[in-house]
Amino acid sequence: MHENSLKELLIFLAQSIVDDPDQVTVDLSQGDRADILTLKVAPDDMGKVIGKKGRIATALRTIVRAAATREGKHIIIEIVD
Amino acid sequence: MESQNEKRDDIKEFLDRILELFDIQATIEVAEEPSLVTVNIEGEDLSILIGSRGRTLNALQQIVNVYANKGRDEWLKVIVDAQGYRERRRQTLEEYAKKMADQAASEKRTVPLEPMNSFERRIVHCSLLERQDIRTESQGEEPERYIVIIPEG
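To keep things clear, this report deals only with the structure shown in the data block. Quick caveat: nothing in here was measured; it's all calculated off a predicted structure.

Parameters and conventions
Residues numbered from 1 in each chain as written. Chains lettered and ligands numbered in written order. Predicted model: local features only at pLDDT ≥ 70, side-chain atom pairs only at ≥ 80, totals over all residues. Heavy atoms only, no water. Helix = DSSP H or I, 4+ residues; strand = E, 2+ residues; numbered from the N terminus. Rg over C-alpha atoms; globule rule 2.2 N^0.38 Å. Buried < 20%, exposed > 50% of the residue type's maximum accessible area, 1.4 Å probe, protein only. Contact = heavy atoms within 4.5 Å. Pairing = 2+ DSSP bridges. Buried area = accessible area lost by both parts, 1.4 Å probe. Salt bridge = Lys/Arg side-chain N within 4 Å of Asp/Glu carboxyl O. Polar contact = N/O pair within 3.5 Å; in protein donor to acceptor, adjacent residues only side chain to side chain. Nonpolar A, V, L, I, M, F, W, Y, C, P; charged D, E, K, R; others polar. Axes fitted to C-alpha atoms, helices over the stretch in contact; angles between N-to-C directions. Parallel < 35°, antiparallel > 145°, perpendicular 65-115°, else oblique. Left-handed = near helix turned anticlockwise from the far one by under 90°.

**Focus: the overall build of chain A**
Scanning chain A from terminus to terminus reveals 3 helices and 3 strands. The order of α-helices and β-strands along chain A, N terminus first, is α-β-β-α-α-β. For a compact globule of 81 residues, the expected C-alpha radius of gyration is about 12 Å, and chain A comes in at 12 Å, within 12% of that figure. Projecting the C-alpha coordinates of chain A onto the three principal axes gives extents of approximately 35 × 25 × 20 Å. For chain A, the proportion of its 81 residues judged to be buried stands at 44%. For chain A, the proportion of contacts with a sequence separation of at least 24, taken over those separated by at least 6, is 58%.

What follows is the structure, given as structure tokens:
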């Protein structure tokens, strides 16, 4: 799967669960060993994308990494506000 | 507030888009009961979508549940399955639970099981509820929480 599709996937997932979808952005920086996807949401939506005990953040990582397995590339997801 | 019918269509659309982004060809069937929507995804090879021990499927189910319940007062539960994975996993867990319970009973010692999520632990607890020769307990912290089978009598 192409990196841009991974970015699109993360944007789609995040937009589906936040209150303010317009404020969702994902920045992609490609490295040799790993790609870093930086997810940014509205401050009020931070709790939504992290979840209790980080469960939602973990679920988002699991899904995006699964989509990346065909590429054999490691994906790191950072969440910032 | 949206009706459950509209929610059902939203959930299907949501998962259709996920499949598209995963580049997976599959069909989605949605079944409905009050407060419960069950989604089954059928396709050729859905192993990527299921993940090791259903990890990806569970993550997907978790996100779908948040999405489906956004702005709702009443909780709508969504179960996401692929290629009948959950039913197969239930059978595997029940067989594993029985085998380990037999071992605990015959060897008269406490047997710990591998870590499982709460949904799977419930399957194991329930499947051993009727047995008089053992009892079950959960120990440890999430996500490493696990069941122990303790011999009785």
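**Some points on the pairing of strand 5 (residues 134–139) of chain B**
All names here are of chain B. Bridge count for strand 5 against strand 6 (residues 146–151) is 6 bridges, and the pairing is antiparallel. Counterpart to Ile134 in the pairing with strand 6 is Pro151. The loop that links strand 5 with its antiparallel partner strand 6 comprises 6 residues; one of these, Gly140, has a positive phi angle of about 85 degrees.

**Some thoughts on the interface of chain B and chain A**
Facing 17 residues of chain B, the contacting portion of chain A comprises 21 residues. Of the roughly 1,800 Å² buried at the junction of chain B and chain A (both faces included), carbon and sulfur atoms supply 71%. The largest per-residue losses of area from chain B upon contact with chain A belong to Leu21, Phe22 and Ile63 of chain B, which jointly make up 33% of the total buried on that side. Counting every contact that joins chain B to chain A gives 1 salt bridge. The shortest N-O distance in the salt bridge between Glu8 of chain A and Arg17 of chain B comes to 2.6 Å. The interface formed by chain B and chain A includes 3 residue pairs in polar contact (both at pLDDT 80 or more). Going through the elements one at a time, helix 1 (4–22) and helix 3 (55–68) of chain B are the ones with two or more residues in the side of chain B that touches chain A. Across the side of chain B that touches chain A, the residue classes tally to 11 nonpolar, 2 polar and 4 charged.

**Observations regarding the packing of helix 3 (residues 55–68) of chain A against helix 3 of chain B**
Axis separation between helix 3 of chain A and helix 3 of chain B bottoms out at 9 Å; the angle between their running directions is 125 degrees. With respect to each other, helix 3 of chain A and helix 3 of chain B are oriented oblique. When you trace helix 3 of chain A past helix 3 of chain B, the crossing you get is left-handed. Touching Arg55, Ile56, Ala59, Leu60, Thr62, Ile63 and Ala66 of chain A of helix 3 of chain A are Arg55, Thr56, Ala59, Leu60, Gln62, Ile63 and Val66 of chain B, all from helix 3 of chain B.

Geometric values such as these leave the question of function open.
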